[in-house]
Amino acid sequence: MPARRTSVPEARKRVIALLREWGAAQHVRDDVELVVSELFTNAVRHTDSEKVGCELALVGSHIRIEITDEGGPGHSAPHAQPGSVDKEGGRGLFLVGALSESWGTRPGDSGRGRVVWADLPYAAASL
């Protein structure tokens, strides 16, 4: 998707639609939506990307989220800023860490940019 702020709500919309198809529980949809929103927003705000990718996979008992950017000059790995929990902004990665079983980064498959991934617990909706 284009690396614009207007793409963030579209990414959330697509993620929620996919999770509904998978039969994910409401709390899972809420958590995944928040993590996607935070990671996608970071890719838009903190890289020189023209496009940002968003992929989800159901792997065993968790959902793998991968947000791919195209990097840019001085592109560093995302990390929570010390003291950012008490600030107006900067809490996103703390939320990602709190909601995820694990998360991290790796170089992009093309050799450019970065993939930020997060694994969240999966639960199906009750019937």
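Note: the structure precedes this text.
Model, not experiment: these values are computed from the prediction.

(A) Layout of helix 2 (residues 26-46). Helix length check: helix 2 (21 residues) gives 30 Å between terminal C-alpha atoms against 30 Å at 1.5 Å per residue, within 8%. Residues of helix 2 that are buried include every one of Val28, Arg29, Val32, Val35, Val36, Ser37, Leu39, Phe40, Ala43 and Val44, and no others. Check the buried side of helix 2 and you find it contacts helix 1 (7-22), strand 1 (53-59), strand 2 (62-68), helix 3 (92-99) and strand 4 (114-121).

(B) Main features of the pairing of strand 2. Among the seven residues that make up strand 2, five are buried, leaving the element largely enclosed by the rest of the structure. Bridge count for strand 1 against strand 2 is seven bridges, and the pairing is antiparallel. By the bridge assignment, glutamate 55 is partnered in strand 2 with glutamate 66. In this antiparallel pair of consecutive strands, strand 1 and strand 2, the connection spans two residues, and glycine 60 shows a positive phi of 60 degrees. Relative to strand 4, strand 2 runs antiparallel, the two being bridged by seven bridges. Among the inter-strand pairings, isoleucine 63 is bridged to a residue of strand 4, identified as leucine 120.

(C) Quick look at the sheet that holds strand 4. Spatially, 1-2-4-3 is the arrangement adopted by the four strands of the open sheet, whose pairing is antiparallel. Sheet topology places strand 1 and strand 3 (102-107) at the edges, where each strand pairs with a single neighbour. Sheet twist, expressed as the mean angle between neighbouring strand axes with direction ignored, is 20 degrees. Sheet strands touched by helix 2: strand 1, strand 2 and strand 4. Its angle to strand 2, the strand with the most contacts, is close to 15 degrees.

(D) Quick peek at the environment of threonine 6. Locating threonine 6 in the fold gives a position in the segment before helix 1. Once the C-alpha coordinates of threonine 6 and valine 44 are considered, the two residues, 38 residues apart in sequence, prove to be 9.9 Å apart.

(E) Quick peek at the side chain of serine 49. Residue position: serine 49 is located in the loop between helix 2 and strand 1. A distance of 2.7 Å separates a polar atom in the side chain of serine 49 from the backbone nitrogen of glutamate 70. If we ignore the near neighbours within four places in the chain, the residues touching serine 49 are Ala3, Asp69, Glu70 and Gly71.

(F) Molecular detail of the packing of helix 2 against helix 3. Two elements in contact, helix 2 and helix 3, have axes separated by 10 Å at closest approach and are oriented at 145 degrees. When you trace helix 2 past helix 3, the crossing you get is left-handed. On the side of helix 2, the interface is formed by Asp31, Leu34, Val35, Glu38, Leu39 and Asn42, while helix 3 contributes Gly92, Leu93, Leu95, Val96 and Leu99. Taken together, the residues of the contact of helix 2 with helix 3 break down into seven nonpolar, two polar and two charged.

Analysis parameters
Residues numbered from 1 in each chain as written. Predicted model: local features only at pLDDT ≥ 70, side-chain atom pairs only at ≥ 80, totals over all residues. Heavy atoms only, no water. Helix = DSSP H or I, 4+ residues; strand = E, 2+ residues; numbered from the N terminus. Expected span 1.5 Å × (residues − 1). Buried < 20%, exposed > 50% of the residue type's maximum accessible area, 1.4 Å probe, protein only. Contact = heavy atoms within 4.5 Å. Pairing = 2+ DSSP bridges. Axes fitted to C-alpha atoms, helices over the stretch in contact; angles between N-to-C directions. Polar contact = N/O pair within 3.5 Å; in protein donor to acceptor, adjacent residues only side chain to side chain. Left-handed = near helix turned anticlockwise from the far one by under 90°. Nonpolar A, V, L, I, M, F, W, Y, C, P; charged D, E, K, R; others polar.

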